[in-house]
Amino acid sequence: MKLITELKKHSTNSKLALLIRHGDREQIPQGEFGNEILLNEKGRKNSLAFGEALKGFPIKRILTSPIPRCVQTAELISEGFGGGLEIIATKCLGDPGLHTADEKIAGEFFLAHGFHEILRRFMIDEPVPGVPNVKHFKNIMTEFIHESTTEKGLTIFVTHDSLIAMYHLFEWNCLHN
């Protein structure tokens, strides 16, 4: 795994934050949130293998979205690692997440238009109902990661591809505007 090779380049005295997506799952039906969809077999195997590959790293904790597939991912990483890792479920990483300013309005917009429309609007810095603007979201997400990575070692954040995509769009916007 290339990610493991990259992590090994850092001193164990470093404070490292790793933001990852939950393991593989089945497709979420159009017009649904899909919160009840769990990991598929590939997602379970890969999460367990990732934990095994992390043996020897000083992992401090895993913070995870409370959505069950994210919690599954965190638990399987811990199991593969050998167990004993602190797992903290936080709504900052999903349900609703730091990328949601008004859960009701954002949820209605998501169900009506889908994530790709939210992402398109983020890319051109166009407002999304119920969602903070890209710069504000980037700031609060960065602050959350920084404040949660308090000890030397690796802190893992398990979340959703949508949150990760939105978080990284700030750099894209800066480069293209």
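Here the structure is a predicted model, which means the values were calculated and not measured.

Okay, the sheet that holds strand β1 (residues 15-21) next. Whether parallel or antiparallel, the strands of a sheet pair through hydrogen bonds between backbone atoms. Across the sheet, four strands lie side by side as β1-β4-β2-β3; this open sheet has parallel pairing. Of all strands in the sheet, those with a lone pairing partner are β1 and β3 (87-89), marking the two edges. On average, adjacent strands in this sheet sit at an angle of 20 degrees to one another, irrespective of strand direction. When β1 meets strand β4 (residues 153-159), the two strands line up parallel, connected through seven bridges. Residue pairing in the sheet places Lys 15 in a bridge with Gly 153 of β4.

A few words now on the pattern of salt bridges. Across all of its chains, the model carries 10 salt bridges by this definition. Arg 120 is the partner of Glu 126 in a salt bridge, and the nearest nitrogen-oxygen pair spans 3.9 Å. A relative accessible area of 29% places Glu 126 in the partly exposed class. Linked through salt bridges whose partners overlap, the residues forming this network are Glu 117, Arg 120, Arg 121 and Glu 126.

Turning our attention to the packing of aromatic side chains. For the structure shown, the criterion picks out four aromatic pairs. Judged by centre distance (6.4 Å) and plane angle (70 degrees), the ring pair of Phe 122 and Phe 137 falls under edge-to-face. On the criterion of sequence distance, the pair formed by Phe 122 in helix α5 (residues 115-123) and Phe 137 in helix α6 (residues 134-148) is long-range, its members being 15 residues apart. We classify Phe 122 as buried; its relative accessible area is 2%. Consider the rings of Phe 144 and Phe 157, whose centres lie 5.9 Å apart with planes at 70 degrees: the pair is edge-to-face. Here the residue Phe 144 occupies a position in helix α6, and Phe 157 occupies one in strand β4, the gap between them amounting to 13 residues. Of the two residues examined, Phe 144 and Phe 157, each falls in the buried class.

Quick notes on the rules
Residues numbered from 1 in each chain as written. Predicted model: local features only at pLDDT ≥ 70, side-chain atom pairs only at ≥ 80, totals over all residues. Heavy atoms only, no water. Pairing = 2+ DSSP bridges. Helix = DSSP H or I, 4+ residues; strand = E, 2+ residues; numbered from the N terminus. Axes fitted to C-alpha atoms, helices over the stretch in contact; angles between N-to-C directions. Salt bridge = Lys/Arg side-chain N within 4 Å of Asp/Glu carboxyl O. Buried < 20%, exposed > 50% of the residue type's maximum accessible area, 1.4 Å probe, protein only. Phe/Tyr/Trp six-rings, centres within 6.5 Å; stacked < 30°, edge-to-face > 60°.

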